Amino acid sequence: MTAPARLAAAALAALCAAPAAFAQSGPIKVGLMLPYTGTYAALGNMIENGFKLYVQEQGGKLGGREIEYFKVDDESDPSKATDNVNKLIKRDQVDVLVGTVHSGVALGMAKAAKENNTLLIVPNAGADAITGPMCGPNIVRSSFSNWQPGYSTGVVAAQKGYKRAMTITWNYAAGAETVKGFTEAFEKGGGKVIKDLNLPFPNVEFQALLTEIAAQKPDVVFAFFAGGGAVKFVKDYDAAGLRKTIPLFGSGFLTDGTLEAQGAAAQGLQTTLHYADSLDTPRNNAFRKSFALTYKQNADVYAVQGYDAAQILGAGLAAVKGDLSKRDALTAAMRKVTVDSPRGKFTLSKAGNPVQDMYLREAKGVNNEFRSVAVKGLADPARGCRL
Ligand code: PHB
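Please read all numbers here as calculations on a predicted model, not as lab measurements.

Visitor: What is the right way to read the sheet that holds strand β1 (residues 28–34) from this model?
Guide: Strand-to-strand pairing in sheets goes through backbone hydrogen bonds, with the strands running parallel or antiparallel. With mixed pairing, the 6 strands of this open sheet are ordered in space as β2-β3-β1-β4-β5-β6. Strands at the two margins of the open sheet, each flanked by one partner only, are β2 (61–62) and β6 (139–141). Bridge count for strand β5 (residues 119–122) against β6 is 3 bridges, and the pairing is parallel. Its bridge partner lying in β6, leucine 120 is registered against isoleucine 139. Each of β1, β3 (65–73) and β4 (96–98) touches helix α3 (residues 81–91); the most contacted strand, β3, lies at about 155 degrees to it.

Visitor: What is the right way to look at the site of the ligand in this model?
Guide: Residues in contact with the ligand amount to 16 residues; listed here are only the nearest, Val101, Ser103, Gly126, Tyr172 and Tyr302. Interatomic distance of 2.5 Å between a side-chain N/O atom of tyrosine 172 and an oxygen atom of the ligand. One nitrogen or oxygen atom from the side chain of tyrosine 302 is found 2.8 Å from an oxygen atom belonging to the ligand. In terms of residue class, the shell around the ligand is made up of 11 nonpolar, 5 polar and no charged.

Visitor: Please clarify how the pattern of salt bridges should be interpreted in this entry.
Guide: Pairing is possible between side chains that carry opposite charge, provided their charged atoms lie close to one another. A full pass over the atoms with the stated rule returns 20 salt bridges. Linking aspartate 308 and arginine 343 is a salt bridge whose minimum nitrogen-to-oxygen distance equals 2.8 Å. Here arginine 343 lies in the loop between β12 (338–341) and β13 (344–348) and aspartate 308 lies in helix α11 (residues 301–319), a separation of 35 residues in the sequence. Between lysine 326 and aspartate 323 there is a salt bridge, with its nearest N and O atoms 3.9 Å apart. Residue classification places lysine 326 among the partly exposed residues on the basis of a relative accessible area of 46%. Via salt bridges that share partners, Glu362, Lys364, Glu369 and Arg371 belong to a single interconnected network.

Visitor: Just checking my understanding: could you explain the environment of tyrosine 307 for this structure?
Guide: With respect to the helices and strands, tyrosine 307 occurs in helix α11. With sequence-adjacent residues up to four places away left out, tyrosine 307 is seen in contact with Gly50, Phe51, Leu53, Tyr54, Glu57, Arg283, Phe287 and Pro342.

Visitor: What exactly am I supposed to notice about the packing of aromatic side chains here?
Guide: Given two aromatic rings, their pairing is described by the distance between the two centres and the angle made by the two planes. Under the defined criterion, the tally for this structure stands at 22 aromatic pairs. With 5.1 Å between their ring centres and 80 degrees between their planes, phenylalanine 206 and phenylalanine 233 make a pair best called edge-to-face. One end of the pair, phenylalanine 206, is in the loop between β8 (192–199) and α7 (207–216); the other, phenylalanine 233, is in helix α8 (residues 227–239), with 27 residues separating them in the sequence. Residue phenylalanine 233 is classed as buried on the basis of its relative accessible area, which comes to 0%. Seen in terms of ring centroids, phenylalanine 233 and tyrosine 237 are 5.8 Å apart; in terms of plane orientation they differ by 45 degrees. Their pairing is tilted. Of the two residues, phenylalanine 233 and tyrosine 237 are both situated in helix α8; the distance of 4 residues between them amounts to about one turn of the helix. Side by side, phenylalanine 233 and tyrosine 237 carry an identical accessibility label, which is buried.

Visitor: What is the right way to read the side chain of glutamate 48 from this model?
Guide: Structurally, the position occupied by glutamate 48 is in helix α2 (residues 41–57). Taking the relative accessible area as the measure of exposure, glutamate 48 reaches 6% and is therefore buried. The contact partners of glutamate 48, leaving out residues within four places of it in the chain, are Leu32, Leu34, Tyr36 and Lys71.

Visitor: How should the side chain of aspartate 277 be read in this particular structure?
Guide: For aspartate 277, the location among the structural elements is in the loop between β11 (270–273) and α10 (282–295). Sequence-distant contacts of aspartate 277, defined by excluding residues within four places in its chain, comprise Asn284, Arg288, Ala299, Asp300, Val366, Asn367 and Asn368.

Visitor: Even after reading the chapter, I still don't get the pairing of β8, so can you show me in this structure?
Guide: Consecutive residues of a regular strand have side chains that alternate between opposite faces of the sheet. Of the pairings in the sheet, the one linking strand β7 (residues 164–170) to β8 comprises 7 bridges and is parallel in character. Bridge assignment links threonine 167 to a residue of β8, and that residue is aspartate 196. In the classification by handedness, the crossover that spans β7, the intervening helix α6 (residues 173–188) and the parallel β8 is right-handed.

Visitor: Would you mind going over the domain arrangement of the chain with me for this structure?
Guide: Interfaces are often sized by the amount of accessible area the parts lose when they come together. Partitioning the chain into structural domains gives domain 1 (28–144 + 280–345) and domain 2 (147–273). Contacts between the two partners involve 15 residues from domain 1 and, on the opposite side, 19 residues from domain 2. For the pair domain 1 and domain 2, the summed buried area comes to about 1300 Å², and 59% of that belongs to carbon and sulfur atoms. Along the contact surface separating domain 1 from domain 2 lie 0 salt bridges. Where domain 1 meets domain 2, there are 6 residue pairs in polar contact (both at pLDDT 80 or more). A per-class count over the side of domain 1 that touches domain 2 returns 6 nonpolar, 7 polar and 2 charged.

Visitor: Any chance you could explain the nonpolar core here in plain terms?
Guide: In a soluble, globular protein the nonpolar side chains are often hidden away together inside. Val30, Ile168, Ile213, Phe225, Phe233 and Phe287 are the most contacted members of the largest nonpolar core, which totals 78 residues. Each of domain 1 (28–144 + 280–345) and domain 2 (147–273) contributes no fewer than three residues to this core. Once residues lying within four places of it in the same chain are set aside, the contact partners of phenylalanine 225 are Ile168, Thr169, Trp170, Leu199, Phe206, Ala230, Phe233, Phe253 and Leu254. Of all hydrophobic cores here, the second largest spans 22 residues; its members include Val85, Ala106, Ala125 and Ile139.

The rules behind the values
Residues numbered from 1 in each chain as written. Predicted model: local features only at pLDDT ≥ 70, side-chain atom pairs only at ≥ 80, totals over all residues. Heavy atoms only, no water. Pairing = 2+ DSSP bridges. Helix = DSSP H or I, 4+ residues; strand = E, 2+ residues; numbered from the N terminus. Contact = heavy atoms within 4.5 Å. Axes fitted to C-alpha atoms, helices over the stretch in contact; angles between N-to-C directions. Near = heavy atom within 4 Å. Polar contact = N/O pair within 3.5 Å; in protein donor to acceptor, adjacent residues only side chain to side chain. Nonpolar A, V, L, I, M, F, W, Y, C, P; charged D, E, K, R; others polar. Salt bridge = Lys/Arg side-chain N within 4 Å of Asp/Glu carboxyl O. Buried < 20%, exposed > 50% of the residue type's maximum accessible area, 1.4 Å probe, protein only. Phe/Tyr/Trp six-rings, centres within 6.5 Å; stacked < 30°, edge-to-face > 60°. Right-handed = clockwise from strand over helix to strand, strands pointing away. Domains from an automatic or database assignment. Buried area = accessible area lost by both parts, 1.4 Å probe. Core = buried A, V, L, I, M, F, W, Y, C linked by side-chain atoms within 4.5 Å.

Okay, structure coming up:
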């Protein structure tokens with residue numbers, strides 16, 4: 001090669017290398033796809049705040065790189081999920097997707113993440129399929145599968161000696177799968193679910209269903225509702241006079257982030273979940289203090305899940321020193337992490353779902369207080385996941 005040709009070749013090589021080098025030194029693009037309107041709006045905000053708090057505590061960087069945020073309001077509307085997630089994947093070209101709350105929307109996100117091989121961290125939505133048949137190396141969850149809180153509540157309800165249960169929920173993936181988990185454990189423990197009631201998401205016209213519960217007189221009612229819908233349901237159950245005669249159980253979303261709005265109607269309600277506000281550990285106390293100081297608001301389970309989503313991403317990025325081109329090492333490190341969560345330390349299953357303690361809690365004032373460990377180290381069965 002002549003000298004000028006060598007120079008030209010070197011210049012060309014440098015040019016070609018430049019985008020890659022630049023891509024590994026600029027900010028990491030995080031796409032937050034969450035509900036900022038509708039019945040789950042508060043949940044989306046708490047997840048975002050939790051995520052950002054962890055990043056802020058790390059000096060605004062993960063794996064040595066700044067974080068840049070892109071946001072889409074998914075409205076908890078599954079029919080818009082594909083369009084919304086493509087705004088982040090195709091238009092904004094994010095490096096990692098974080099979302100969402102609603103199981104139906106999250107299923108659309110997981111499909112797009114798989115098709116485009118985009119990293120996805122699910123900070124709430126429990127859709128069993130995401131860490132079941134749809135599982136993949138690029139998908140992890142910092143929250144729970146719908147089966148987990150349903151199952152642990154079923155364990156507790158059976159232990160308390162209830163025999164005949166009715167369930168009530170919204171008829172979409174989260175409701176149906178949570179009820180399925182509850183039924184599995186409750187019937188294994190000797191109980192029987194005599195009737196499942198449901199209504200379309202996000203409707204809150206509960207009256208006819210409450211009348212049916214009053215007529216059937218089960219020993220216990222199991223409910224899955226969350227956000228604004230949970231506030232209304234708990235108030236309506238109380239106003240109908242049912243709380244004194246038929247105990248109300250639920251997965252902890254029934255009373256999480258909602259106690260201020262539910263007031264007296266929620267006091268004393270027992271639920272199970274992978275978090276309790278009053279967990280008296282240095283990690284939880286420090287987290288709650290930091291969250292309250294930053295946002296002038298008390299943390300809840302959604303804030304914890306957002307915070308832990310950032311911790312999982314941080315662990316992956318630290319392992320590759322922020323170099324996203326080392327994809328296999330990055331996803332392997334995200335899977336291998338032991339998350340030092342405010343909920344207690346947890347690991348991820350092969351399918352990418354938290355293996356975690358489930359707590360029995362009781363609503364007192366504005367806190368879900370820890371009562372006992374309902375199920376220790378509960379792992380989702382990950383039915384259908386082949387990895
Ligand atoms: C869900 O749709 O998976 C879902 C929504 C809200 C919750 C829990 C699960 O609080």
